[in-house]
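Coordinate analysis (summary)
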Amino acid sequence: MHTLPPREEMVRAMLSGDGTYDGVFLTAVKTTGIFCLPSCRPPRRPKPENVEFFGTVRESLFAGYRPCKLCRPLELDGQSPVWVEQLMTRVEQAPQERIQASDLKALGLSPERVRRWFQEHYGMTFSEWCRGRRLSEAFTRIREGADLDDVALGHGYASHSGFREAFGQAFGTPPGSARATECVTTRMIDSPVGRMLAATTEKGICLLEYTDRRMLERNLATMRQRFAMPVVPGEHKWLKMLGEELKDYFEGRRQDFTVPVAPRGTPFQERVWNELRQIPHGETISYQELAKRIDQPSAVRAVANANGQNRINILIPCHRVIGKNGELTGYGGGLWRKRVLLDLEQRAE
Ligand SMILES: [Zn+2]
């Protein structure tokens, strides 16, 4: 599936360099023969009349355009490049190993390119990412009951105090109290409606939001505050399951999600969100109807607000609530995304 937003919307996104559209469309400039991500900020913005829009890198290349050297659209084509996968596997397999710039060069990678990729996709440098992975691995092992000293030494820390310090900085809690603490694991997921930031706890997915890579760093800080829990980048069984189910959903092969969700809100918000999950795929209801279903027929505004506060897009289908007259009304991710999701769901019926 690849549905482009309306042209006026793509022009507006391109002119403002809006990164939430990265992965959604590409801008190709007829006068230069170059194609870019929507977030690219070239020294001179192209005139809209000189721009063609494409849904995929493939189409842009076949139309004769070259990828931009500033924004590197080839590196944002849904999948992580092979070299990133290989690097990540190496870190997962030997979390105690410190990968240096010289190791990267030996693998044929420029440290600058590696740094930039991790900065763009995780909001941190590669070495910060490695440290995050090491610490979250340590965190998990301590929670499972492993001995502190074993964990410190097994994760490449020469001394217990070095480990304690790094751990405390990352999680705001000493290793000894980690047994009683939960942590939030995050990663980016690419989708046909743009890049999404996903987060999970042991209980289930707690965040799925459209994001802009330039806002990543801020997102991580906000999440730490919002969840009042350590936040680490990495892999998690629920994130893996979410990625697979989302892929099936966008390909029209899945109507219901089975990955657990763990929303966090007020009791009222949680009631509204729970009710949203009862709206079947392919159907829409009005805010009035939603208010009725939670036995608060006069609380339409509060219901609409709670709907807007949903942070777990798609899984909690707030996009299935529309205005009384059938108009789409607002959506945090932008109206075109709401339209794409509803079209996709109606087509699959
Ligand atoms: Zn560019």
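Computed from a prediction, not measured in an experiment: that's the story for all the values here.

Broken down by element type, the chain carries 14 helices and 10 strands. Taking 2.2 N^0.38 as the reference for a compact globule, 349 residues should give roughly 20 Å; the C-alpha atoms of the chain span a radius of gyration of 22 Å, in line with that estimate. Expressed as lengths along the three principal axes of its C-alpha atoms, the size of the chain is roughly 65 × 60 × 35 Å. Of the roughly 16,800 Å² that the chain leaves accessible, carbon and sulfur atoms contribute 49%. Taken as two groups, the 50 positive and 43 negative side-chain charges of the chain have centres that lie 5 Å from each other.

The next subject is the domain arrangement of the chain. When its domains are assigned, the chain resolves into domain 1 (7–75), domain 2 (82–180), domain 3 (184–250) and domain 4 (267–347). Distance from the C-alpha centre of domain 2 to the C-alpha centre of domain 4: 40 Å.

It is worth spelling out the coordination of the zinc ion at this point. All of the protein donors around the zinc ion are Cys-36 (SG), Cys-40 (SG), Cys-68 (SG) and Cys-71 (SG); their distances to the metal are 2.3 to 2.4 Å. Here the zinc ion binds 4 donor atoms, and the angle range of 102 to 122 degrees at the metal identifies the geometry as tetrahedral.

This part is about the environment of Arg-311. In this fold, Arg-311 is placed in the loop between helix H13 (300–308) and strand S10 (321–322). Taking the C-alpha atoms as reference points, Arg-311 and Thr-200, separated by 111 residues in sequence, lie 12 Å from one another. Of the polar contacts made by the side chain of Arg-311, one reaches the side chain of Glu-209; its length is 2.8 Å.

Attention now goes to helix H8 (residues 160–171). When the terminal C-alpha atoms of H8 are compared, their 16 Å separation across 12 residues agrees well with the 16 Å that a helix rising 1.5 Å per residue should span. Every buried residue belonging to H8 is among Phe-163, Ala-166, Phe-167 and Phe-171, and all of these are buried. Buried residues of H8, seen end-on, are gathered within an arc of 110 degrees and therefore sit on one face of the element. Looking at H8, the residues exposed on the side facing more than 90 degrees away from the buried face are Ser-161, Glu-165 and Gln-169. Contact partners of the buried residues in H8: helix H6 (126–143), helix H7 (148–154) and strand S8 (231–233). Where H8 terminates, the next one or two residues include Gly-172, which has phi positive at roughly 70 degrees.

Rules behind the numbers
- Residues numbered from 1 in each chain as written.
- Predicted model: local features only at pLDDT ≥ 70, side-chain atom pairs only at ≥ 80, totals over all residues.
- Heavy atoms only, no water.
- Helix = DSSP H or I, 4+ residues; strand = E, 2+ residues; numbered from the N terminus.
- Rg over C-alpha atoms; globule rule 2.2 N^0.38 Å.
- Areas by Shrake-Rupley, 256 points an atom, 1.4 Å probe, with all protein chains shown as cover.
- Lys, Arg positive; Asp, Glu negative; His and termini not counted.
- Charge placed at Lys NZ, Arg CZ, Asp CG, Glu CD.
- Domains from an automatic or database assignment.
- Donors = N, O, S within 2.8 Å, 3.2 Å for Na, K, Ca; no water.
- Tetrahedral: all angles 85-135°; square planar, octahedral: opposite > 155°, others 65-115°.
- Polar contact = N/O pair within 3.5 Å; in protein donor to acceptor, adjacent residues only side chain to side chain.
- Expected span 1.5 Å × (residues − 1).
- Buried < 20%, exposed > 50% of the residue type's maximum accessible area, 1.4 Å probe, protein only.
- Arc of directions from axis to C-beta.
- Contact = heavy atoms within 4.5 Å.

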